[in-house]
Amino acid sequence: EENQQDEDDDVVNGDISKDLDTDENIVDPVENRKTLAERNERLQDQLLTFNQDFAQSIDETEETQMEMYGVNYFDIRNKKGTELYLGVDALGLNIYEKDDKLTPKIGFPWSEIRNISFNERKFIIKPIDEKAPDFVFFAPRVRINERILALCMGNHELYMRRRKPDTIDVQQMKAQARDEKLAKQQQREKLQLEIAARERAEKKQQEYMDKLKQMEEEMNRSQASLQEAQEMIRRLEEQLKQLQAAKDEHEKKQMELQEMMMRLEETKNMEAAERQKLEDEIMAKQEEVMHEDDDVVNGDISKDLDTDENIVDPVENRKTLAERNERLQDQLLTFNQDFAQSIDETEETQMEMYGVNYFDIRNKKGTELYLGVDALGLNIYEKDDKLTPKIGFPWSEIRNISFNERKFIIKPIDEKAPDFVFFAPRVRINERILALCMGNHELYMRRRKPDTIDVQQMKAQARDEKLAKQQQREKLQLEIAARERAEKKQQEYMDKLKQMEEEMNRSQASLQEAQEMIRRLEEQLKQLQAAKDEHEKKQMELQEMMMRLEETKNMEAAERQKLEDEIMAKQEEVMRIQEEVEAKDNETK
């Protein structure tokens, strides 16, 4: 095998590296492209063929080594002196020819071998079938036969151990290992589910965070729009107040003007000086009215929101209710403590009596007693107390137990100590006591017997699995806690998002209400402005007529009467427009 491996190494290090050597005398690859392509193709074909042959030889070598794995070969000779190989493996003994270590010529499984032995260089294999002849071969040295025999004994012992039924402890540990493996698998699946749930919760939380951020931005924009609308309402209200104040002042001046016109009508026949003085006062009042009309400025309108200051606190008797709840909680806590204490005492009594089998017995004096048989030994109890043993006999201090009809004898290990004798009501009870003592003592000795290698390995595996299970459980608890935190955070974001949506809806309603109010106020301002312009126009016409009246002081009576009629008509029209303005003003209020 070493020579073959060296030859293979020579082939790999020789041929392949030789084929991959570079040619330093290549001039220009563009000029001889066809020649280079053919050469490369030929080299690739050679390399592929070599790789296939080499891989096939490697596969055959590995397959041979796998079939020969675990087999110990020894040089032997049969009775005729033919050189052979003896192969010892985990399943039995095999005889191979010298030139073939793969196909056995004769096979002896362990289940068909009755005995193996050797005498100096002679080795004998005796089959189970007594009619079959013994197989005899010869080893080169006695030491080789010793090695063959020791190897056969070890392999046969392992063969029998693998096929021997497991003990109760091993079966229990295997069942426990299966249960723990199943529980571990379920724990792993539960962990995967928790991880997936936590990831979904975190993803949902991120979505809510993004949505909440978007809602906050939209809320800020809505608040800014609402503030702008409120500011515009305030300005419009100020303009409306200024316009209303100017209108009131204008009406006052108008009334004064009408009074002067009436005085003018009454004093038609007054002297020229008095009439001139009155007309000058009228002109001064008209100029003052025109000057005040020019000073009117447009403004904003604001509306204060009504607040409910009469809300009454519904929690009037909070102190009385708190004291009552506290008193009820104290009573409930006292009751729970008393109930838990009674439950603990009952469970403690049951735990102390757990696993103990009681039998009615009498001692030599005829006193009624209890015999308790448990996993640690025998105990004698008084009739009125099953918890505190009067006399105890651990299994480690008992030498022998026996009974004769109704009489039962316990012999201690200490031969100087007296035997303990008691009597059972019936012989059948003594049989049950003896059987129960034998079973408990056997289990007691089995628990204190050192474990086999298999049991130790299984215990170590169980400890490792328990540790891994504990780690898995801790990891699961961490994942559950992380998922719960994420869900709690998600719920908080949902509540905050819902609150922001409600606040945004209220803000949108307030904004729409403010926009509607702005629209109404703007329409009213337009109407008032139009009425004001119309009133100013009529006022200018009246002023022109007054100027004409001034110019026509020396006119005839008929012409003056005609002009005064026109003035009265204009005044009536001014009064009508003023009434329309007042009506619109009432609508605005």
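Along each chain, residue indices are assigned from 1 in the same order as the chain's sequence is written. Since the coordinates come from a predicted model, pLDDT governs what is reported: local features require at least 70, and pairs of side-chain atoms require 80 or more to be given and counted, while whole-chain, interface and lining totals use all residues. Remark: hydrogens and water are excluded; side-chain values derive from all non-hydrogen atoms of the structure.

S.K.: How should I be thinking about helix H3 (residues 142-163) in this particular structure?
M.R.: In an α-helix there are 3.6 residues to a turn, and that puts residues three or four apart on one side. Over its 22 residues, H3 runs 32 Å from end to end, which matches the ideal 32 Å to within 8%, given 1.5 Å per residue. Partly exposed residues are those whose accessible area sits between 20% and 50% of the maximum for their type, while under 20% is buried and over 50% is exposed, using a 1.4 Å probe and protein chains only. Runs of H or I in DSSP of at least four residues are treated as helices and runs of E of at least two as strands, each being numbered from the N terminus. For H3, every residue scored as buried is listed here: Ile 144, Asn 145, Ile 148, Cys 152, Asn 155 and Tyr 159. Along the axis of H3, the buried positions cluster into a sector of 100°, meaning they face one direction only. Exposed side of H3, more than 90 degrees from the buried face: Arg 143, Arg 147 and Met 153 are the residues found there. In this structure, the buried side of H3 is in contact with strand E1 (72-77), strand E2 (83-88), strand E3 (92-97), strand E5 (113-119), strand E6 (122-127) and strand E7 (135-138). Expected span, for any helix, means 1.5 Å times one less than how many residues it has. As used here, the arc belongs to the directions running from the helix axis to the C-beta atoms. Contact criterion: two residues are considered in contact whenever any of their non-hydrogen atoms come within 4.5 Å of each other.

S.K.: Can you walk me through the packing of aromatic side chains in this structure?
M.R.: Ring pairs (aromatic) are described by centroid distance and by the angle formed between their planes. Under the pairing criterion, centres of Phe, Tyr and Trp rings, with the six-membered ring standing for Trp, must be within 6.5 Å; the plane angle then separates stacked pairs below 30 degrees from edge-to-face pairs above 60, leaving the rest tilted. Inspection of every chain in the model, using the stated rule, returns 12 aromatic pairs. Residues Phe 420 and Phe 422 carry aromatic rings whose centres are separated by 6.1 Å and whose planes lie at 45° to one another, so their mutual orientation is tilted. What makes Phe 420 buried here is its relative accessible area of 15%. Given the relative accessible area of 0%, Phe 422 is considered buried. Linked through ring pairs, Phe 108, Phe 118, Phe 123, Phe 135 and Phe 137 together constitute an aromatic cluster. Working rule: Lys NZ or Arg CZ, within 6 Å of ring centre, within 35 degrees of ring normal, means a charge sits over the ring. A cation sits over an aromatic face here: Lys 383 above Tyr 370, 4.2 Å from the ring centre. A cation sits over an aromatic face here: Lys 386 above Tyr 370, 4.7 Å from the ring centre.

S.K.: How should helix H7 (residues 427-448) be read in this particular structure?
M.R.: For H7, built from 22 residues, the straight-helix expectation of 32 Å at 1.5 Å per residue is met to within 8% by its first-to-last C-alpha distance of 32 Å. By the burial criterion, the buried members of H7 are Ile 429, Asn 430, Ile 433, Leu 434, Cys 437, Asn 440 and Tyr 444. One side of H7 holds all its buried residues, which, seen down the axis, span an arc of 140°. More than 90 degrees from the buried face of H7, the exposed residues found are Arg 428, Arg 432 and Met 438. Buried residues in H7 make contact with strand E8 (357-362), strand E9 (368-373), strand E10 (377-382), strand E12 (398-404), strand E13 (407-412) and strand E14 (420-423).

S.K.: Help me out: how do you make sense of the pattern of salt bridges in this one?
M.R.: Between side chains of opposite charge, pairing is possible as soon as their charged atoms come close. Every case where a carboxyl oxygen of Asp or Glu lies within 4 Å of a side-chain nitrogen of Lys or Arg is listed as a salt bridge. Counted under the stated rule, the structure contains 13 salt bridges. Across the pair Arg 77 and Glu 83 runs a salt bridge, and its minimum N-O distance is 2.8 Å. We note a salt bridge from Glu 368 to Arg 362, for which the minimum N-O separation is 2.8 Å. The exposure class of Glu 368 is partly exposed, given its relative accessible area of 39%. Overall, Arg 362 belongs to the partly exposed group, its relative accessible area being 39%. What emerges from the salt-bridge pattern is a single network uniting Glu 194, Arg 483 and Glu 487.

S.K.: Just to check I follow, could you spell out the pairing of E3 for this structure?
M.R.: For a regular strand, side chains alternate in direction, first toward one face of the sheet and then toward the other. Along E3, 5 of the 6 residues are buried, which leaves the element largely enclosed by surrounding structure. When DSSP finds at least two bridges between two strands, those strands are taken to pair. Across 5 bridges, E2 lies against E3 in antiparallel orientation. The residue of E3 that forms the bridge with Leu 86 is Ile 95. Taken together, E2 and the strand that follows it, E3, pair antiparallel across an intervening segment of 3 residues. Both E3 and strand E4 (residues 106-109) contribute to a ladder of 4 bridges, which runs antiparallel. Residue pairing in the sheet places Asn 94 in a bridge with Gly 107 of E4.

S.K.: Any chance you could explain the side chain of Gln 472 here in plain terms?
M.R.: Considering the arrangement of structural elements, one finds Gln 472 in helix H8 (residues 453-551). Its relative accessible area of 17% is what places Gln 472 among the buried residues.

S.K.: Could you clarify how one ought to interpret the nonpolar core in this entry?
M.R.: As a rule of thumb, soluble globular proteins bury nonpolar side chains together. To qualify as a nonpolar core, a set must consist of buried Ala, Val, Leu, Ile, Met, Phe, Trp, Tyr and Cys residues joined through side-chain atoms within 4.5 Å. The biggest cluster of nonpolar side chains holds 21 residues, and the ones touching the most others in it are Leu 371, Leu 378, Ile 410, Phe 422 and Ile 433. Those elements that provide at least two residues to this core are E8, E9, E10, E12, E13, E14 and H7. For this core, the element with the most residues is H7, which contributes 5 residues. Every residue in contact with Ile 410, bar those within four places of it in the chain, is listed here: Leu 378, Phe 393, Ile 398, Asn 400, Ile 401, Asp 419, Phe 420 and Phe 422. If you look at the next biggest cluster of nonpolar residues, it comprises 20 residues, including Phe 108, Trp 110, Ala 139 and Tyr 159.

S.K.: What should I look at first to understand the confidence of the model for the protein chain in this one?
M.R.: Detailed reading of predicted coordinates is not advised where the pLDDT is low. On a range of 0 to 100, pLDDT expresses the predictor's confidence in each residue. Of all residues in the protein chain, 74% have pLDDT values of 70 or greater, and the mean over the chain is 76. Long-range and interchain partners of residues 1-33, a stretch whose pLDDT sits below 50, account for 13 contacts in this model, where long-range means more than four residues apart. Across residues 296-319, where pLDDT falls below 50, the model places 40 contacts with residues more than four positions away in sequence or in other chains.

S.K.: Would you explain the layout of surface pockets in this entry?
M.R.: Lining residues are defined by having an atom within 4 Å of a point belonging to a cavity or pocket. Those points lie on a 1 Å grid over the protein atoms alone, cavities being sets where a 1.4 Å probe fits but cannot get out and pockets being open sets with protein on both sides within 12 Å along at least five of seven lines. Grid points are joined across faces, edges and corners, and a volume is the space filled by probe spheres set on the points. When its volume is computed, the largest pocket comes out at roughly 810 Å³. What lines the largest pocket is a set of 26 residues, and nearest its centre among them are Thr 167, Asp 169, Val 170, Thr 452 and Val 455. Elements with a contribution of two residues or more to the lining of the largest pocket: H3, helix H4 (168-266), H7 and H8. It is H4 that provides the largest number of residues to the lining of the largest pocket, a total of 7 residues. Here the residues of the lining of the largest pocket are counted per class, giving 10 nonpolar, 4 polar and 12 charged. Charged residues are taken to be Asp, Glu, Lys and Arg, nonpolar residues to be Ala, Val, Leu, Ile, Met, Phe, Trp, Tyr, Cys and Pro, and polar residues to be all remaining types, Gly included.

S.K.: Mind showing me how you'd approach the environment of Lys 407 here?
M.R.: Turning to its location among the elements, Lys 407 is positioned in strand E13. Judged by relative accessible area, Lys 407 falls into the partly exposed class, the value being 35%. Spatially, the C-alpha atoms of Lys 407 and Val 427 are 8.3 Å apart, while their sequence positions differ by 20 residues. Not counting residues within four places of it along the chain, the set of residues in contact with Lys 407 comprises Ser 402, Val 421, Phe 422, Phe 423 and Asn 430.

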